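Architecture and fold: a report
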Amino acid sequence: MALIVLLIILACIVFMVRVLRYKLITIPTMNYFKSTLPALSQTEQEAMEAGDTWWDAALFSGKPNWQEWHQIDAPLLSDKEQDFIQTKLAHLLSILDEEQIQADKDLPESVWAYLKAEGFFAFIIPEKFGGLGFSAQANSTIVAKIASKSLSTAVTVMVPNSLGPAELLLHYGTESQQSYWLPKLASGEALPCFALTALDAGSDAGSIQDFGVVCEAEFEGEQVLGLKVSWDKRYITLAPVATVLGLAFKVYDPEHLLGDCDSLGITCALIPTSQEGVITGARHNPLNQGFMNGTTQGKEVFIPLDWVIGGKGGIGNGWKMLVSCLSAGRGISLPALSAGSAHLCTRTSSAYATVREQFGLPIAAFEGIQASLARITGLTYSIEACRQATAQAIDMKKSPAVITAIAKYHLTEMSRIVMNDALDIHAGKGIQKGPSNYLANNYMGIPISITVEGANILTRNLMIFGQGATRCHPYIFKEIQIIQNLEEDKAIKPFDKLLMAHLQHTSVSVLKALWFGITRARFINAPVSGPTKRYYQKLTWLSTCLSVSSDLAMLRLGGSLKRREMLSARLGDVLSHLYLASCVLKKYEHDGRQQGDLPSVCYATEHSLAQGFRALDEFFDNFTHPVLAFLLKSWMHVTGHGCKVPSDTLVRKVCHVLAHSDAARERVSHLCSVGEQGAVYTMERAYQLAKETAKERVEFKAWLKNRTDMLSLSYSEKIAFAVSDKAITEHQGKSLLDAENWRVKAISVDVF
């Protein structure tokens with residue numbers, strides 16, 4: 001006992017006496033950090049500084065403030081935005097024919113003209129430049145609705161309203177550039193594309209081989225300073241039809257016309273495609289989708305410095321521009337495409353499972369179908385909640401790179417799961433291509449969203465935790481900055497201050513994790529009571545476990561954590577599911593705790609909790625020796641976390657609500673374009689009539705049972721006999737016949 005007391009006293013002295021603390025703790029720790037923590041390259045440093053954090057930082061800290069999360073207003077659309085959706089968007093949806101668009105490999109001229117005339121390329125451009133000045137929420141909602149009807153059109157609308165010339169000009173363009181280009185982009189007179197990807201430079205923008213050399217040349221009769229630019233880009237959406245090319249390339253100044261440096265860095269410029277030397281190359285065929293995608297080249301194309309975004313001052317700042325704007329596009333466009341497809345699947349699968357019969361029953365009565373249908377519904381609720389929250393962050397002028405990476409990865413992956421389940425339910429109807437198949441085109445298009453900004457392998461393994469661990473951690477990023485930017489004698493004092501706060505934070509988190517593990521987090525304060533209270537407690541518990549695990553990973557692996565992608569990806573999964581579940585709970589509160597939504601909320605949250613704790617356990621299993629892994633897991637959840645995948649009972653509740661509450665079904669699939677004609681309308685009409693005539697159908701089937709004399713008769717003839725036999729009324733017979741005609745039409749497939 002005396003020895004323990006002595007050790008405690010010595011530790012207190014070391015920590016309290018600054019000279020001793022510096023010598024024995026701070027300086028050795030600082031040297032250890034220098035050798036183990038990841039050194040940030042210039043591009044990584046710019047990426048970190050360009051983005052910011054939001055709710056992700058609170059989740060990463062281990063102490064999320066749920067009251068603060070709830071105080072963020074519910075996402076709303078303005079009257080102007082709602083009017084646009086109800087009029088301009090409704091008309092667009094009524095004239096779209098995705099099957100014909102894919103056959104023609106292009107939008108009809110009338111659709112192109114309508115998109116330009118009505119401002120579909122001008123959502124993000126302020127009204128003073130002739131744009132619509134819509135919110136990110138409206139932008140996302142509109143693209144999602146279009147995606148449920150025509151993915152080709154959605155991508156066409158999406159690109160000018162995400163990363164591209166307009167976005168870059170708004171943030172970094174000179175006044176003259178904004179005044180010249182933004183009105184043209186708003187009116188559709190100028191159609192933009194943005195070219196970043198090249199043969200060996202996809203996700204790694206630092207490896208761009210396209211270049212510009214500073215030089216003087218004659219331009220419009222005058223000798224001016226500019227750049228001779230050469231490039232060869234591919235996968236560029238709208239490139240085949242663009243009139244203005246946004247281009248990313250590296251700039252070199254061998255003659256030192258702009259300064260003393262030979263290499264000036266990545267730069268972005270706007271180049272009219274009519275400029276001499278610009279080559280609009282051949283088109284690609286992205287999985288038979290009808291949107292324009294292709295190549296662009298140029299060799300020693302001269303452009304004046306005025307064409308560089310931001311003018312002369314924009315040279316070398318292209319990477320900073322890109323990373324700050326990429327998160328906005330990533331957080332709006334790709335979640336919107338995922339939500340549109342998911343809402344389409346939920347709407348049509350719930351209808352199809354009702355009208356399609358096997359063994360004398362609607363297939364919705366079979367538990368195998370219910371398992372898939374509940375997963376579709378629960379994940380769609382999660383997708384929509386995340387879409388809304390992420391767009392809201394952008395409307396709050398945030399640039400949360402980690403959160404938008406989470407949204408991009410998980411929403412595209414969840415939409416893939418939803419679509420696969422929808423195809424399983426539709427079976428043969430889902431695989432026969434033609435106008436009656438409302439799933440096939442979106443199914444083919446899902447991998448396209450997944451490959452944007454690199455395949456999801458990169459997004460999950462490098463971006464979410466690789467960037468999140470450094471950017472979201474309360475202290476790590478600041479500690480790295482001090483180590484990299486200050487000499488040792490000047491770094492000791494600020495580093496010591498951060499280190500002491502870091503140690504205190506980690507110690508508290510370790511003790512909290514043990515307490516939560518012992519009590520299963522039952523004594524954590526939650527912002528609500530009722531059926532969702534327990535979810536907040538478990539999410540706080542998981543957040544604390546993530547905080548401790550992240551510190552352990554960075555302490556042990558340091559800079560090599562970036563290369564241990566499977567480990568870092570699992571920690572990224574924990575952070576991701578914390579965010580997804582918190583979005584679900586936020587949406588439930590803002591929607592007024594609709595009882596019809598509760599089963600979907602429970603399904604989505606329990607799914608994320610199960611996946612989050614599973615990822616944490618798998619991290620420990622692969623992080624260290626099995627015995628130590630067991631001890632660490634025991635520390636985090638002594639008596640087990642108890643987070644399991646949604647139960648069979650919950651699955652049945654989700655399906656019951658979906659079948660019996662039109663309001664709940666509408667809320668979880670409201671982005672699906674139904675219209676007044678087409679395959680989705682046919683399925684919806686058949687579904688509604690099936691529900692309206694359900695009682696009569698049961699009575700008719702009971703009368704028909706064992707009537708072998710009716711086997712050779714048509715359905716209409718059987719109805720006629722039932723009416724004459726007084727089994728059903730004439731009105732009921734007409735209703736049943738009408739419902740059956742729509743049902744047959746809905747479940748039929750195209751033939752050629």
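Residues numbered from 1 in each chain as written. Predicted model: local features only at pLDDT ≥ 70, side-chain atom pairs only at ≥ 80, totals over all residues. Heavy atoms only, no water.

Counting its secondary structure elements, the protein contains 30 helices and 9 strands. Taking 2.2 N^0.38 as the reference for a compact globule, 752 residues should give roughly 27 Å; the C-alpha atoms of the protein span a radius of gyration of 29 Å, in line with that estimate. Principal-axis analysis of the C-alpha atoms gives the protein an extent of 100 × 90 × 40 Å. By residue count, 56% of the 752 residues in the protein fall in the buried class. A separation threshold of at least 6 residues defines the contact pool for the protein, and within that pool the share at least 24 residues apart is 76%. For the protein, the accessible surface area stands at approximately 31900 Å², while carbon and sulfur atoms represent 56% of it. (Helix = DSSP H or I, 4+ residues; strand = E, 2+ residues; numbered from the N terminus. Rg over C-alpha atoms; globule rule 2.2 N^0.38 Å. Buried < 20%, exposed > 50% of the residue type's maximum accessible area, 1.4 Å probe, protein only. Contact = heavy atoms within 4.5 Å. Areas by Shrake-Rupley, 256 points an atom, 1.4 Å probe, with all protein chains shown as cover.)

Considering all chains together, one arrives at 23 aromatic pairs under this definition. On the basis of an interplanar angle of 85° and a centroid distance of 6.0 Å, the ring pair of tyrosine 681 and tryptophan 742 is categorised as edge-to-face. Taken together, the positions of tyrosine 681 in helix H27 (residues 679–692) and tryptophan 742 in helix H30 (residues 730–747) put the pair 61 residues apart, joining distant regions of the chain. A relative accessible area of 25% means that tyrosine 681 is categorised as partly exposed. Taken together, the ring pairs in this structure connect Trp54, Trp55, Trp66, Trp69 and Tyr536 into an aromatic cluster. (Phe/Tyr/Trp six-rings, centres within 6.5 Å; stacked < 30°, edge-to-face > 60°.)

Another aspect to go through is unusual backbone geometry. With a phi close to 60°, lysine 105 is a non-glycine residue in the positive phi region. Structurally, lysine 105 is set in the loop between helix H7 (98–104) and helix H8 (109–117). Assessed through its relative accessible area of 26%, lysine 105 is described here as partly exposed. Within the chain, arginine 593 stands out as a residue other than glycine whose phi angle is a positive 50°. Checked against the element boundaries, arginine 593 lands in the loop between helix H22 (565–590) and helix H23 (598–623). Taking the relative accessible area as the measure of exposure, arginine 593 reaches 33% and is therefore partly exposed.

Moving on to the nonpolar core. Counting 177 residues, the largest nonpolar core has Phe120, Ile146 and Tyr579 as its most contacted members. The biggest single contributor to this core is helix H15 (residues 401–426), with 13 residues. One finds Leu163, Leu196, Leu270 and Leu326 within the second-largest nonpolar core, a separate group that totals 30 residues. (Core = buried A, V, L, I, M, F, W, Y, C linked by side-chain atoms within 4.5 Å.)

Where strand S2 (residues 211–219) meets strand S3 (residues 222–237), 9 bridges bridge the pair, whose relative direction is antiparallel. Residue pairing for S3: valine 214 is matched across the bridge by leucine 227. Between S2 and S3, which pair antiparallel one after the other, the connecting turn spans 2 residues, and glutamate 220 there sits at a positive phi close to 55°. As defined by bridge partners, S2 adjoins strand S4 (residues 244–252) across 3 bridges and the pair is classed as parallel. Bridge pairing in S4 places phenylalanine 211 opposite lysine 250. (Pairing = 2+ DSSP bridges.)

We now examine the environment of phenylalanine 620. Secondary-structure assignment places phenylalanine 620 in helix H23. In the structure, phenylalanine 620 is positioned 53 residues away from leucine 567 in sequence and 8.8 Å away in space, judged by C-alpha atoms. Setting aside residues up to four positions removed in sequence, phenylalanine 620 forms contacts with Ser549, Leu552, Ala629, Leu632, Lys633 and Met636.

Let's shift gears to the environment of lysine 397. Within the fold, lysine 397 resides in the loop between helix H14 (367–395) and H15. Distance in space between the C-alpha atoms of lysine 397 and alanine 136 is 10.0 Å, their sequence separation being 261 residues.

Next up on the list: the environment of leucine 704. The topology assignment puts leucine 704 in helix H28 (residues 694–704). In sequence terms leucine 704 and phenylalanine 516 are 188 residues apart; their C-alpha atoms lie 61 Å from each other. Setting aside anything within four residues of it in sequence, one finds leucine 704 in contact with Met710 and Lys718.

Within this structure, the stated rule accounts for 24 salt bridges. A salt bridge links glutamate 118 to lysine 88, with the shortest nitrogen-to-oxygen separation between them at 3.9 Å. Of this pair, glutamate 118 sits in the loop between H8 and helix H9 (136–147) while lysine 88 sits in helix H6 (residues 79–95), placing them 30 residues apart in sequence. Given a relative accessible area of 28%, lysine 88 falls into the partly exposed group. The residue arginine 570 makes a salt bridge to glutamate 618 at a minimum N-O spacing of 3.7 Å. Of this pair, arginine 570 sits in helix H22 while glutamate 618 is found in helix H23, placing the two residues 48 residues apart along the sequence. (Salt bridge = Lys/Arg side-chain N within 4 Å of Asp/Glu carboxyl O.)

On to the packing of H14 against H23. At a closest axis distance of 8 Å, the pairing of H14 and H23 adopts a crossing angle of 80°. As the angle between them shows, H14 and H23 are arranged roughly perpendicular. For the pair H14 and H23, contact is made by Ala374, Arg375, Thr377, Gly378, Leu379, Tyr381 and Ser382 and by Ser600, Val601, Tyr603, Ala604 and His607, respectively. Here the contact of H14 with H23 is composed, by residue class, of 6 nonpolar, 5 polar and 1 charged. (Axes fitted to C-alpha atoms, helices over the stretch in contact; angles between N-to-C directions. Parallel < 35°, antiparallel > 145°, perpendicular 65-115°, else oblique. Nonpolar A, V, L, I, M, F, W, Y, C, P; charged D, E, K, R; others polar.)

Bear in mind that shape data such as this cannot, by itself, settle questions of function.
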